[in-house]
Amino acid sequence: GKTANELSNSLNIPLSSVYKKLSDLEYLTLVEIDRYIVTDKGRRFKVYRSRINKAEITIKKPEPMISLSAN
């Protein structure tokens, strides 16, 4: 799992964008909160974990298919 800050740093995208995407993915149940980290100063951070182990996308007519495998 990773915190939003770790994701922002490793992907080089703004933290606000990470929080928005994580919120969307959490709503879709594609990520979950694995645990919370509490710092010495009392700040609390969520550690997110993917619920997807594998994703397969097939593009064929008439419609594309997405197959997801859970962790």
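Residues numbered from 1 in each chain as written. Predicted model: local features only at pLDDT ≥ 70, side-chain atom pairs only at ≥ 80, totals over all residues. Heavy atoms only, no water.

A.B. asks: Help me understand the pattern of salt bridges, please; the structure alone is not making it clear to me.
C.D. replies: Pairs can form between side chains of opposite charge once their charged atoms are near each other. Summed over all chains, the structure comprises five salt bridges. Measuring nitrogen to oxygen at the nearest pair gives 3.6 Å for the salt bridge that ties Glu32 to Arg51. With a gap of 19 residues between them, Glu32 in strand E1 (residues 31–38) and Arg51 in the loop between strand E2 (44–50) and strand E3 (52–58) connect regions that are remote in the sequence. Linking Asp34 and Arg49 is a salt bridge whose minimum nitrogen-to-oxygen distance equals 3.9 Å. Here Asp34, found in strand E1, pairs with Arg49, found in strand E2; they are 15 residues apart in sequence, far enough to count as distant. On the basis of relative accessibility, which here comes to 30%, the residue Arg49 falls in the partly exposed class. One network of salt bridges, with partners in common, ties together Glu32, Asp34, Arg35, Arg49 and Arg51. (Salt bridge = Lys/Arg side-chain N within 4 Å of Asp/Glu carboxyl O. Helix = DSSP H or I, 4+ residues; strand = E, 2+ residues; numbered from the N terminus. Buried < 20%, exposed > 50% of the residue type's maximum accessible area, 1.4 Å probe, protein only.)

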